[in-house]
Amino acid sequence: FNRDNVNLDFLKASQKPDDEKYTYTFSGWDCDMSDLSKSHYDAYPLYTSELRSFDVEYVVDGKVVHVQKVKYGENADTSVLVTPTKDSTPEYDYVFAGWQGNTQNITSDTQLVAQFTPVRRQYTVTFKYGDNQVLSQKVYYGEAAKAPNASEVKKSPTAQYDYAFTGWDNVFDKVTDNITVNAL
């Protein structure tokens, strides 16, 4: 009888259930067959343990843009991603403010959601009037620009013509884009 050639494959090892921290994989049997005079041997299953891994999903505007595997108890590494962006609207630009969700001591699948701070957009309103005069001002989306005083909007007379200001060629009471407004 050669104990080195004993095959215990006919024994079925029970699967050790995973716990919160580890997954277990059957790796063989612990069976001491050094004493060949025994009529029976006790065989115990051996398992290797590995820290469980969890998915950390990075979500931008409702879409998963990256999935990172993180081992139990470790931290998600948010530096692996390019800073996320969000498309501007006519009224707002969006500045990345960070990730909402737990990035430390990961112990389950986790979602990190990109957070953005809205920054109200400004537009340039340029008034052209008089003798090649220009006045530009920044105006928040949806607000009104302030026109130069009518007394300032004079154009010098020529030998042929006198000029009288009659108004502006564009509306600027609710600015939604960069505009130029010319004196009439």
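In case you missed it, the structure is sitting above this.
This write-up is about the structure you can find in this document. All values reported here derive from a predicted model rather than from experimental measurement.

### Topic: the sheet that holds strand β3 (residues 53–60)
- Strand order in the open sheet formed by 4 strands is β4-β3-β6-β5, with mixed pairing between adjacent strands. The open sheet has two edge strands, β4 (63–71) and β5 (92–100), and neither has a second partner. The average angle at which neighbouring strand axes cross in this sheet is 25°, direction not considered.
- Bridge count between β5 and strand β6 (residues 110–120): 8 bridges; the pairing is antiparallel. By the bridge assignment, W99 is partnered in β6 with A114.

### Some words on the sheet that holds strand β9 (residues 179–182)
- In space, the 3 strands of this open sheet follow the order β8-β7-β9, with mixed pairing throughout. Each edge of the open sheet carries a strand with a single partner, namely β8 (133–140) and β9. The sheet shows a mean angle of 20° between the axes of neighbouring strands, taken without regard to direction.

### A few points about the environment of N132
- By secondary structure assignment, the location of N132 is in the loop between β7 (122–129) and β8.
- For the pair N132 and T176, spaced 44 residues apart in sequence, the C-alpha to C-alpha distance is 25 Å.

### Things to note about the side chain of T103
- Examined against the element boundaries, T103 turns out to sit in the loop between β5 and β6.
- Of note is the side chain of T103, whose polar atom sits 3.2 Å from the side chain of Q104.
- Non-local contacts of T103, meaning those with residues more than four positions away in its chain, are made with N75, A76, T78 and L112.

### Some thoughts on the environment of V60
- By the element assignment, V60 lies in strand β3.
- According to the relative accessible area criterion, V60 is buried, its value standing at 12%.
- If we ignore the near neighbours within four places in the chain, the residues touching V60 are V65, P84, T85, W99, A114 and F116.

### Some details on the packing of aromatic side chains
- Going through the model one piece at a time under the given rule, you end up with 14 aromatic pairs.
- On the numbers, 6.3 Å between centres and 45° between planes, the contact of Y22 with Y24 is tilted.
- Note on Y24: relative accessible area 14%, which makes it buried.
- For the pair Y161 and Y163, a centre-to-centre distance of 6.4 Å together with 45° between the ring planes defines the contact as tilted.
- A relative accessible area of 40% means that Y163 is categorised as partly exposed.
- An aromatic cluster is present here, built from F127, Y129, F165, W168 and F172 joined pairwise through their rings.
- Over the aromatic face of Y24 sits the side chain of K16, whose NZ or CZ is 4.2 Å from the ring centroid.
- The ring of Y163 carries K155 above its face, with NZ or CZ at 4.8 Å from the centroid.

Basis of the calculations
Residues numbered from 1 in each chain as written. Predicted model: local features only at pLDDT ≥ 70, side-chain atom pairs only at ≥ 80, totals over all residues. Heavy atoms only, no water. Pairing = 2+ DSSP bridges. Helix = DSSP H or I, 4+ residues; strand = E, 2+ residues; numbered from the N terminus. Axes fitted to C-alpha atoms, helices over the stretch in contact; angles between N-to-C directions. Polar contact = N/O pair within 3.5 Å; in protein donor to acceptor, adjacent residues only side chain to side chain. Contact = heavy atoms within 4.5 Å. Buried < 20%, exposed > 50% of the residue type's maximum accessible area, 1.4 Å probe, protein only. Phe/Tyr/Trp six-rings, centres within 6.5 Å; stacked < 30°, edge-to-face > 60°. Lys NZ or Arg CZ within 6 Å of the ring centre and 35° of its normal.

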